[in-house]
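Commentary on secondary and tertiary structure
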Amino acid sequence: MTQARKLGIVMDPIESITPYKDSSLAMMLEAQTRGWQIFYFLLDDIYLDNGIAMGQFKMLSLFDDNQHWFEYGEAGRCRLDDLDVILMRKDPPFDLEYIYCTYMLEQAEENGVLIVNKPASLRDCNEKLFTRVFPQCCVDTLVSRNPVLLKEFIDKHRDTIIKPLDGMGGRSIFRVQSGDANTNAIIEAVSRDASSQTMVQRYIPEISDGDKRILLIDGVAIPYALARLPAPGENRGNIAAGASTRSQPLSARDQWLCDQVGPELSARGLLFVGIDVIGDFITEINVTSPTCIRELDSGFGINISADLFECIERRLTA
């Protein structure tokens with residue numbers, strides 16, 4: 001009899017998720033359907049003991065039920081290299097504690113565990129700065145913490161979006177137009193008084209048609225996007241900022257953008273990635289804990305988690 005695969009997942013507290021739209025839950029449900037054992041860890045459960053990557057785990061049983069979506073089983077400690085796969089699904093902030101955890105996961109990776117996504121690539125590929133690798137896919141962009149340079153860019157392009165490099169969920173994103181009396185104050189706030197690198201991009205008016213989330217598995221795009229439409233009076237296409245959603249097939253331009261980035265994602269061991277597209281341009285490449293699986297699954301009757309685990313199983317058998 002074949003021994004059950006062992007899946008570890010590092011994530012935020014499972015008690016706090018929103019089950020009907022949580023992508024990590026969708027992944028765990030799929031693993032459970034395949035007969036995998038599921039070992040659940042919080043960030044502070046991962047540790048090193050004399051150079052061996054370890055974890056304090058709780059076993060999980062999962063349910064596709066918005067009122068009762070998990071039960072804890074056995075608890076204990078294990079070597080991380082006793083697992084087959086570990087999903088790193090901890091949400092930002094991408095801080096030093098997150099980075100330290102990737103080093104510990106890398107130790108397990110060196111002993112043969114498949115980590116999704118690859119720890120070194122999680123460190124290397126900032127979700128906003130990683131777009132620099134694909135200039136042909138991006139709108140005019142400046143990254144600086146110098147307020148003079150930021151203001152020059154705003155004045156040159158007249159209508160812009162400014163945001164910190166470490167934000168998520170639409171927080172601290174501002175639309176700034178040349179001549180706005182609040183420009184200096186916004187630059188000070190977003191750059192934390194010129195102490196933090198800040199991104200400013202030319203405003204893309206097609207945001208009114210939605211900020212599209214496209215998911216890629218091992219560099220290959222799921223052929224559908226989730227368009228997140230800004231709420232009235234909003235410039236941000238983030239669900240956390242009140243955006244509504246619409247599922248739609250990829251356009252020819254969307255597919256071209258995916259073809260540009262896909263091979264590099266695969267080469268870097270980024271097996272599950274979400275790109276954000278406004279109009280004809282990629283604005284972010286999400287590698288930490290991309291979402292929108294459940295919305296796309298329900299919109300088109302597909303099973304993205306099954307596609308992901310088919311990819312994972314191919315990697316394991318290879």
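Conventions and cut-offs
Residues numbered from 1 in each chain as written. Predicted model: local features only at pLDDT ≥ 70, side-chain atom pairs only at ≥ 80, totals over all residues. Heavy atoms only, no water. Helix = DSSP H or I, 4+ residues; strand = E, 2+ residues; numbered from the N terminus. Rg over C-alpha atoms; globule rule 2.2 N^0.38 Å. Buried < 20%, exposed > 50% of the residue type's maximum accessible area, 1.4 Å probe, protein only. Contact = heavy atoms within 4.5 Å. Areas by Shrake-Rupley, 256 points an atom, 1.4 Å probe, with all protein chains shown as cover. Salt bridge = Lys/Arg side-chain N within 4 Å of Asp/Glu carboxyl O. 1 Å grid on protein atoms, 1.4 Å probe; cavity = no way out; pocket = protein on both sides within 12 Å on 5 of 7 lines; lining within 4 Å. Points joined across faces, edges and corners; volume = space filled by probe spheres on them. Nonpolar A, V, L, I, M, F, W, Y, C, P; charged D, E, K, R; others polar. Pairing = 2+ DSSP bridges. Axes fitted to C-alpha atoms, helices over the stretch in contact; angles between N-to-C directions.

**Things to note about the overall build of the protein**
- When helices and strands are tallied, the protein shows eight helices and 16 strands.
- In summary, the protein has a C-alpha radius of gyration of 20 Å against a globular reference of 20 Å for 318 residues, a match within 12%.
- With respect to the principal axes defined by its C-alpha atoms, the protein has extents near 70 × 45 × 40 Å.
- Per-residue burial over the protein gives 51% buried out of 318 residues.
- In the protein, 68% of the contacts between residues at least 6 apart in sequence involve partners at least 24 apart.
- Element-wise, carbon and sulfur atoms account for 47% of the exposed surface of the protein, whose accessible area totals about 14,300 Å².

**Overview of the pattern of salt bridges**
- The final tally for this structure, using the stated rule, is 20 salt bridges.
- Across the pair arginine 175 and aspartate 159 runs a salt bridge, and its minimum N-O distance is 2.6 Å. Placement of the pair is arginine 175 in strand 10 (residues 174-177) and aspartate 159 in strand 9 (residues 159-164), with a sequence separation of 16 residues.
- Overall, the relative accessible area of 15% leaves aspartate 159 in the buried class.
- A salt bridge links aspartate 218 to arginine 315; the nearest nitrogen and oxygen atoms lie 2.9 Å apart. With a gap of 97 residues between them, aspartate 218 in the loop between strand 12 (211-217) and strand 13 (220-229) and arginine 315 in helix 8 (residues 304-317) connect regions that are remote in the sequence.
- A relative accessible area of 34% places arginine 315 in the partly exposed class.

**Quick word on the layout of surface pockets**
- The volume enclosed by the second largest pocket comes to roughly 200 Å³.
- Among the residues forming the lining of the second largest pocket, the class breakdown is seven nonpolar, three polar and three charged.

**Remarks on the sheet that holds strand 15 (residues 272-278)**
- Here we have five strands laid out as an open sheet, ordered 14-13-12-15-16, and antiparallel in their pairing. If you trace the sheet from one side to the other, it starts and ends with strand 14 (244-249) and strand 16 (281-286), each paired once. On average, adjacent strands in this sheet sit at an angle of 25° to one another, irrespective of strand direction.
- By the bridge criterion, six bridges tie strand 13 to strand 14 in an arrangement that is antiparallel. Note that in strand 14 the partner of arginine 228 across the bridge is threonine 245.
- Contacting strand 12, strand 13, strand 14 and strand 15, helix 7 (residues 293-300) runs over the sheet at an angle of about 60° to strand 14.
- The strands touched by helix 8 are strand 12, strand 13 and strand 15; relative to strand 12, the strand with the most contacts, the crossing angle is about 35°.

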